[in-house]
Amino acid sequence: GNDIWPGPHIIKCYMPSCPCFSSCGGGEVAVARHLAQIKDPAMFIFDCEANAGEAVTGNVAACIAELRKTHPTTPILWVSGTPYSFESYDKPRVDGANPRNRRWSDIVREQAERVRKLREAGDTNLYFMDGGKVWGSRYCDEATVDGAHPNDYGFFLMAEAWEKTIRDILKD
């Protein structure tokens, strides 16, 4: 193994048989129903904002409720997307010059609020990770190939942040 790159380590340790759904997933109940069939999972992780956009905020509670029917105490980590690089310097675009582009921070705040409310209602094995803290504004341009999609360095930073969060949750 490559001791410098933590990504494969995370996959090996935490996801030996992990069904993953890529692109355009938005935390839909149908996906939660499928995931609910997994026997004795260590954790569920949702990172679906990047492709779902603001639609994801409406799916958080329903998706989690569906999983809780069969896995009432399994930890669930809901991760918000990482910001686009323009959000650190292009204020007119961020502040609503285009009504289709809601502020990323508003979408993150809404997801965090939904998770917080569910925790307050008693779901203590539910966690939220702010994807905006994964690489921070000083690395945003260096961590992506095009201002949005992570490059190798971006995935490295994501893997570091995720590993720490996952270990904290699983108390490893």
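Before reading further, recall that the structure is shown in the block above.
Structural notes, computed from the coordinates. Computed from a predicted model, the values in this text were never measured in an experiment.

### A word on helix H4 (residues 55-70)
Right, on to step 1. When the local axis directions of H4 are compared, the greatest deviation, roughly 30°, occurs at Ala61.
Right, on to step 2. When we look at burial in H4, the residues that qualify are Val56, Thr57, Val60, Cys63, Ile64, Glu66, Leu67 and Arg68.

### Some words on the side chain of Thr144
Right, on to step 1. Tracing the chain through its elements places Thr144 in the loop between helix H7 (136-139) and helix H8 (152-170).
Right, on to step 2. Thr144 sits in the buried class, given a relative accessible area of 7%.
Right, on to step 3. Within the structure, the side chain of Thr144 is placed 2.8 Å from the backbone nitrogen of Gly147, a separation counted as a polar contact.
Right, on to step 4. Beyond its immediate chain neighbours, meaning those up to four positions away, Thr144 contacts Trp135, His149, Pro150 and Asn151.

### Things to note about the environment of Ala62
Right, on to step 1. The topology assignment puts Ala62 in helix H4.
Right, on to step 2. The exposure class of Ala62 is partly exposed, given its relative accessible area of 36%.
Right, on to step 3. Spatially, the C-alpha atoms of Ala62 and Val29 are 6.4 Å apart, while their sequence positions differ by 33 residues.

### Here we look at the pattern of salt bridges
Right, on to step 1. Here the structure, examined in full by the defined rule, presents nine salt bridges.
Right, on to step 2. Of the charged contacts, one joins Arg33 and Glu66 as a salt bridge, the two residues approaching to 3.6 Å between their closest N and O atoms. Taken together, the residues span a long stretch of sequence, with Arg33 in helix H2 (residues 29-35) and Glu66 in helix H4 at a distance of 33 residues.
Right, on to step 3. The exposure class assigned to Glu66 is buried, which follows from its relative accessible area of 13%.
Right, on to step 4. Residues Glu113 and Lys117 are paired through a salt bridge, measuring 4.0 Å at the closest nitrogen-oxygen approach.

### Concerning the side chain of Ser80
Right, on to step 1. Note that Ser80 resides in the loop between strand E2 (76-79) and helix H5 (91-97).
Right, on to step 2. At a separation of 2.7 Å, a polar atom in the side chain of Ser80 contacts the main-chain amide nitrogen of Gly131.

Procedures and definitions
Numbering of residues begins from 1 in every chain and follows the order in which that chain's sequence is written. Given that this is a predicted model, residues contribute local features only at a pLDDT of at least 70 and side-chain atom pairs are listed and counted only at 80 or more, while totals for whole chains, interfaces and linings are drawn from all residues. Note that the side-chain values use all heavy atoms of the structure and ignore hydrogens as well as water. In this analysis the local bend is the angle between axes fitted, respectively, to the seven residues ending at and the seven residues starting at the residue. Working definition: helices are DSSP H or I runs of at least four residues, strands are E runs of at least two. Numbering for both runs from the N terminus. Classification of residues uses two cut-offs on accessible area relative to the type maximum, computed with a 1.4 Å probe and protein chains only: under 20% is buried, over 50% is exposed, and between them is partly exposed. Pairs of N or O atoms are called polar contacts if they sit within 3.5 Å, as long as, within protein, a hydrogen donor faces a hydrogen acceptor (for residues adjacent in sequence, only side-chain-to-side-chain pairs). Whether two residues are in contact is decided by their heavy atoms: any pair within 4.5 Å suffices. The rule for a salt bridge is simple: a side-chain nitrogen of Lys or Arg has to be within 4 Å of a carboxyl oxygen of Asp or Glu.

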